[in-house]
Amino acid sequence: MENGDVSLYDDTRAGVLMVFFRELKAADAGTYRCGVNVSLYTEIFTELQLNVKHDAKYLQMVTESAHFGEEIIITCQMPEHKVYFCKEDDNHICQKISSSKVTQMNHPSVRNKMRVFTVSISNVSVRDAGVYWCGAETRDTYLTFISLTTKIQLNLIMPPVVRHEGESAEIICPYDSIYKSKPKSLCKGKCSTRDRNTLSETVREEKETKTDRLTLNDNVTASVFTGTITGLTAEDAGKYWCAVTLERDLNYLYTHLMVIMNEELNLTKYEGDDVSIQCKHHDEDQKSFCKAHEASMCVKDGDSLETIRDDRFSFSDEASTGVFTVNITDLREEDSGIYWCGAPVITKVYLNFRKNKDRNFSMIIIIIVCVILLLIGGFILTVWKLRHKRRDPGSGQMNNNGDPSTILSDGLLYAAVSFQKHEESLSDAAVRFSKEEIPSDYAAVSHRMRLN
């Protein structure tokens, strides 16, 4: 049963009634009676006094994330009491864990007589996601009182989904089989926040839901619901949460959708040079500069800007333009490789390294090529002049009338033209000249002889 922030659970097999108060308030303090109605008029009960202390620092909230199949270690610091470690179930009752996957260890602490309590969960799966509590347990004859002071939200991380711009992406959300009949949500950002962006939701039965670019399918047989987004754009990139709707949304699993832009950047620099690489970002809180062979490695592995311990790397941000710049000084050979710039929208950057001797060799090659081209040009010009001179051996001589003429092959103007009849000609044709001077330009002059 539930009444606001109070849940009651009757464990008939253990003969225990559990009452779970969530988010204690001052109004919860007071006297409570806990017992059993034996008959209509007979009641066996025990009174208890609940005192609520106001201390904002007392409650600790921790968020842990683990990949599938990994081992997660949860640490709590408790007073010198018996430590209680439990996991909230669907009814918001914190049930003590008894599993071969969970190993609990106590370690003494020198501070404030506190005890460090460590819980190790191996081979993490969907069932392990959820809310855990650490607390101190005290007992008397009939009552067990547990003060739960450390809340641990354990989220599961699916491998990142990396696709290129324009492709389709499939986000897979496995869930515990006990949630088969519960509605599920796929959200960009946590589904429980007010500014959530719920993409779609499936209901109790197995079915498929479609929108413009999204298809969401709930396979209750396999306990998996899947979201498929087509025609990826930069705006689709981000962190996606899978949630199961109980009394409130339970966010238990998330993955990163990384969109690689089709436009790539290829840089070639020499030893000792300075390099500036501009990266675009669509989220003020998410910026990444990673060196790795694959973009998916940047979420977990690879050298991101935050882990590079080198003074030669610096970072500057221009928030107003949505661009941040990575500066690398005194370039070295180990700096060459493939970088992924930006998050969650990614640009692939090829940084090629050349040694200074390669630069000097390139300059020598360029100079040699230029000299060879000049020599070839000079040789061609000389040959052309020689051929031109041979074709016009009479260049600079006078014509029959003593007038200078230009080279015929040049197609230039003649100052005068003279006609003479051949001595052996049988024709009586004569050449007549007009006294009027008619200026004419001739490119060439030819005559024909008419035979009688």
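None of the values given here were measured: they were computed from a predicted structure.

**Student:** Help me out: how do you make sense of the overall build of the chain in this one?
**Tutor:** Counting its regular elements, the chain contains one helix and 30 strands. Within the chain, the proportion of its 452 residues that are buried is 31%. A separation of at least 24 residues holds for 59% of the contacts in the chain among residues at least 6 apart in sequence. For the chain, the accessible area works out to roughly 30000 Å², and carbon and sulfur atoms hold 51% of it.

**Student:** I tried to follow the pattern of salt bridges on my own but got confused; where do I start?
**Tutor:** Pairing between side chains becomes possible if they bear opposite charge and their charged atoms approach one another. Applying the stated rule across the entire model yields six salt bridges. The salt bridge involving Glu 137 is made with Arg 139; its shortest N-O contact spans 2.7 Å. In this structure Glu 137 comes out as buried when scored by relative accessible area, which is 6%. Judged by its relative accessible area of 63%, Arg 139 falls in the exposed class. Residue Arg 332 pairs with Asp 330 through a salt bridge whose shortest N-O separation is 3.8 Å.

**Student:** Would you take a moment to explain the sheet that holds strand β27 (residues 313-318) for this structure?
**Tutor:** Sheets are built from strands paired through backbone hydrogen bonds, the pairs being either parallel or antiparallel. Strand order in the open sheet formed by three strands is β24-β28-β27, and the pairing between neighbours is antiparallel. At either margin of the open sheet sits one strand with a lone partner, and together these are β24 (275-280) and β27. Strand-to-strand twist of the sheet, defined as the mean angle between neighbouring strand axes without regard to direction, takes the value 20 degrees. Where β24 meets strand β28 (residues 323-328), six bridges bridge the pair, whose relative direction is antiparallel.

**Student:** Looking at this structure, how should I read the packing of aromatic side chains?
**Tutor:** The description of an aromatic ring pair uses the distance of the two centres, along with the angle that the planes make with each other. Counting across every chain of the model gives six aromatic pairs. Ring geometry for Tyr 175 versus Phe 225: centroids 6.2 Å apart, planes at 40 degrees, classification tilted. On the criterion of sequence distance, the pair formed by Tyr 175 in the loop between β15 (169-174) and β16 (184-188) and Phe 225 in strand β20 (residues 224-229) is long-range, its members being 50 residues apart. Here the two residues Tyr 175 and Phe 225 agree in accessibility, since each one is buried.

How each quantity is defined
- Residues numbered from 1 in each chain as written.
- Predicted model: local features only at pLDDT ≥ 70, side-chain atom pairs only at ≥ 80, totals over all residues.
- Heavy atoms only, no water.
- Helix = DSSP H or I, 4+ residues; strand = E, 2+ residues; numbered from the N terminus.
- Buried < 20%, exposed > 50% of the residue type's maximum accessible area, 1.4 Å probe, protein only.
- Contact = heavy atoms within 4.5 Å.
- Areas by Shrake-Rupley, 256 points an atom, 1.4 Å probe, with all protein chains shown as cover.
- Salt bridge = Lys/Arg side-chain N within 4 Å of Asp/Glu carboxyl O.
- Pairing = 2+ DSSP bridges.
- Axes fitted to C-alpha atoms, helices over the stretch in contact; angles between N-to-C directions.
- Phe/Tyr/Trp six-rings, centres within 6.5 Å; stacked < 30°, edge-to-face > 60°.

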